[in-house]
Amino acid sequence: MQIAFHRTELNLILSLYGRFVAAGEWRDYGISHLKDVAVFSVFRRAAEHPMYRIEKRPSLRMKQGQYIVLGMDGQILKRGNDLRQVLRILERKLIRAID
């Protein structure tokens, strides 16, 4: 069985993505549904490595949290079980980008 983002999760992620696109920061995204993880990757340009990866790993729900935001070099920026809270790490970057 593959892991996938639920519609409500995608709505939160795509809402944030749209605001970054409007600010001129992000230009493309990719979604992968794998056996143990669902990944939403964000790109500045389509040919690059992803700037950020938002992962859903249900196997970590009882441990560190099933949602993870990873930076370009793979470092964990934020993790937890509440997607809205985890995405706040990126919203802070959006506020700086608009200033």
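Keep in mind the model is a prediction, meaning the values are calculated, not measured. (Residues numbered from 1 in each chain as written. Predicted model: local features only at pLDDT ≥ 70, side-chain atom pairs only at ≥ 80, totals over all residues. Heavy atoms only, no water.)

Caption draft 1: Looking closely at the overall build of the chain. Secondary structure summary: the chain contains 2 helices and 5 strands in total. Shown N-terminal to C-terminal, the secondary structure of the chain runs as helices and strands in the order α-β-β-β-β-β-α. By the compact-globule yardstick of 13 Å for 99 residues, the chain fits well, its C-alpha radius of gyration being 13 Å. By principal-axis analysis of the C-alpha atoms, the chain measures approximately 40 × 25 × 25 Å. Buried positions account for 36% of the 99 residues belonging to the chain. Pairs at least 24 residues apart make up 33% of the contacts formed inside the chain by residues separated by at least 6 positions. Surface exposure of the chain reaches about 6,200 Å², of which carbon and sulfur atoms provide 50%. On the chain, the mean spot of the 18 positive side-chain charges and the mean spot of the 10 negative ones are 4 Å from each other. (Helix = DSSP H or I, 4+ residues; strand = E, 2+ residues; numbered from the N terminus. Rg over C-alpha atoms; globule rule 2.2 N^0.38 Å. Buried < 20%, exposed > 50% of the residue type's maximum accessible area, 1.4 Å probe, protein only. Contact = heavy atoms within 4.5 Å. Areas by Shrake-Rupley, 256 points an atom, 1.4 Å probe, with all protein chains shown as cover. Lys, Arg positive; Asp, Glu negative; His and termini not counted. Charge placed at Lys NZ, Arg CZ, Asp CG, Glu CD.)

Caption draft 2: The arrangement of the environment of Asn-81 in detail. With respect to the secondary-structure elements, Asn-81 resides in the loop between strand 5 (76-80) and helix 2 (83-98). When its relative accessible area of 42% is taken as the criterion, Asn-81 is described as partly exposed. Along the chain, Asn-81 and Met-1 lie 80 residues apart, while their C-alpha atoms are 21 Å from each other. Beyond its immediate sequence surroundings of up to four residues, Asn-81 is in contact with Arg-61, Gly-65, Gln-66 and Tyr-67. In terms of polar contacts, Asn-81 uses its side chain to reach the backbone carbonyl oxygen of Arg-61, at 2.9 Å. In this structure the side chain of Asn-81 is engaged in a polar contact, spanning 3.0 Å, whose partner is the backbone nitrogen of Gln-66. (Polar contact = N/O pair within 3.5 Å; in protein donor to acceptor, adjacent residues only side chain to side chain.)

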